[in-house]
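Observations on the three-dimensional arrangement
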Amino acid sequence: MNLIEIVNVPDEKRDHQWEIDFFMSVTQGNIKLLVEAPQQGPDGWPYILVETGEDATEPANKVMQWAAMKGVGLVVNPRKSYPDYVFTYGMLWNFKETGRFYQEAAQSPVGSVEMEKGQGLHAGPPSPQYLPQYVRNILKEFFRDQGVLRPRILVMSQDRKHYDLAFSLESLGNPPTKEHQGIAEALSWFLPPHYSVVLVSEIGLPEFTDL
């Protein structure tokens, strides 16, 4: 099926296979920009709004590559009662880097420090594959807007299978515990869905690095 046929599949018939087919067809298909500039979505994040159709001539892949460098998401067919798909920024840059919008399997993003105390911790700065420089710059800009000038990060794993991207609570100004979940959820928009975000104190952990 082509992209136009896929987006016409009724909602109740859309399953995991539909999502796979949609991903394949949208990356190879054409879309039409509704507005040139990114628009703020209901969730507060910036999105490029696009439509599918016979008059769509812009390669979707090109638009996604642009969005990945600019720190914006993508909404497909926003004029419907519910859009056909909402791509977060994290999904788009992960596609740019890996050819996938998200992965099922854990990656191995670090290669430096090992802790042998207790359970043991494998930790270090993120690799460029795990967190490219342009993504770090987008995240830094977000933090600057929140008044956080030097956020610090560390990638940690206890089993070398599941990795957490840890943000230093001290570098974020020690926000109250009740705000931690909201902050982690906000940061998750910038990252692929399979990434795990945690907010932790630096005390007792390997050295964090500047974002």
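Owing to the predicted nature of the structure, the values given are computational and were not obtained by experimental measurement. (Residues numbered from 1 in each chain as written. Predicted model: local features only at pLDDT ≥ 70, side-chain atom pairs only at ≥ 80, totals over all residues. Heavy atoms only, no water.)

So, on to unusual backbone geometry. Backbone geometry places asparagine 77, a non-glycine residue, at a positive phi of 60 degrees. Mapped onto the elements, asparagine 77 comes out in the loop between β5 (73–76) and β6 (85–87). Notably, asparagine 174 is not glycine yet its phi reads approximately 50 degrees, a positive angle. (Helix = DSSP H or I, 4+ residues; strand = E, 2+ residues; numbered from the N terminus.)

Once that is clear, we can look at the packing of helix α3 (residues 60–70) against helix α4 (residues 89–98). Packed helix pairs are characterised by how far apart their axes lie and by the angle those axes make with each other. Where α3 meets α4, the closest approach of the two axes is 8 Å, and the angle between their N-to-C directions is 115 degrees. The angle between α3 and α4 places the two elements in the roughly perpendicular class. In the packing of α3 onto α4, the handedness of the crossing is left-handed. The segment α3 lies against α4, with Asn61, Met64, Gln65, Ala67, Ala68 and Met69 engaging Tyr89, Leu92, Trp93, Phe95 and Lys96. (Axes fitted to C-alpha atoms, helices over the stretch in contact; angles between N-to-C directions. Parallel < 35°, antiparallel > 145°, perpendicular 65-115°, else oblique. Left-handed = near helix turned anticlockwise from the far one by under 90°. Contact = heavy atoms within 4.5 Å.)

What follows concerns the side chain of asparagine 94. Mapping asparagine 94 onto the fold places it in helix α4. Apart from residues lying up to four places away in sequence, asparagine 94 is in contact with Gly99, Arg100, Phe101, Tyr102, Gln103, Pro192 and His194.

Note: predicted coordinates in regions of low pLDDT should not be interpreted at a detailed level. Per-residue confidence for the protein chain gives a mean pLDDT of 90, with 92% of residues at or over 70. Note on residues 105–118: pLDDT under 50 across the span, and 34 contacts to partners over four residues away in sequence or across chains. (pLDDT = per-residue confidence, 0-100.)

Okay, the packing of α4 against helix α5 (residues 133–145) next. α5 packs onto α4 with a crossing angle of 165 degrees between their chain directions and a minimal axis gap of 11 Å. When the axis of α4 is compared with that of α5, the two are roughly antiparallel. At the point where α4 passes α5, the crossing takes the right-handed sense. Between α4 and α5, the residues in contact are Tyr89, Trp93, Lys96 and Glu97 and Tyr134, Val135 and Ile138, respectively. Residue composition of the contact of α4 with α5, grouped by class: five nonpolar, no polar and two charged. (Nonpolar A, V, L, I, M, F, W, Y, C, P; charged D, E, K, R; others polar.)

In total, this model carries 23 aromatic pairs according to the counting rule given. Their ring planes at 20 degrees and their centres at 6.2 Å tell us that phenylalanine 22 and phenylalanine 87 sit as a pair that is stacked. Residue phenylalanine 22 is located in helix α2 (residues 16–28), and its partner phenylalanine 87 is located in strand β6; the two are separated by 65 residues in the primary sequence. For the pair phenylalanine 22 and phenylalanine 87, a shared accessibility class is recorded, and that class is buried. Considering the side-chain rings of phenylalanine 143 and phenylalanine 167, the 5.8 Å spacing of their centres and the 45 degrees angle between planes classify their relative orientation as tilted. Of the two residues, phenylalanine 143 is situated in helix α5 and phenylalanine 167 in strand β10 (residues 164–168); the sequence distance between them amounts to 24 residues. Summarising the burial analysis for this pair, phenylalanine 143 and phenylalanine 167 share the class buried. Through pairs of rings, three or more aromatic residues link up here, namely Trp18, Phe22, Phe23, Tyr85, Phe87, Phe95, Phe101 and Tyr102. (Phe/Tyr/Trp six-rings, centres within 6.5 Å; stacked < 30°, edge-to-face > 60°. Buried < 20%, exposed > 50% of the residue type's maximum accessible area, 1.4 Å probe, protein only.)

Three or more residues of α3 are buried, namely Ala60, Val63, Met64, Ala67 and Ala68. Buried residues of α3, seen end-on, are gathered within an arc of 140 degrees and therefore sit on one face of the element. Exposed and oriented more than 90 degrees from the buried face of α3 are Lys62 and Lys70. Once α3 finishes, glycine 71 follows within two positions and takes phi at roughly 80 degrees, a positive value. (Arc of directions from axis to C-beta.)

A separate point is α4. Extensive coverage of α4 is indicated by the burial of seven of its ten residues. Among the residues of α4, those classed as buried are Tyr89, Gly90, Met91, Leu92, Trp93, Asn94 and Phe95. Against the buried residues of α4 lie α2, α3, β5, β6 and α5. Backbone geometry just after α4 places glycine 99 at a positive phi near 80 degrees.

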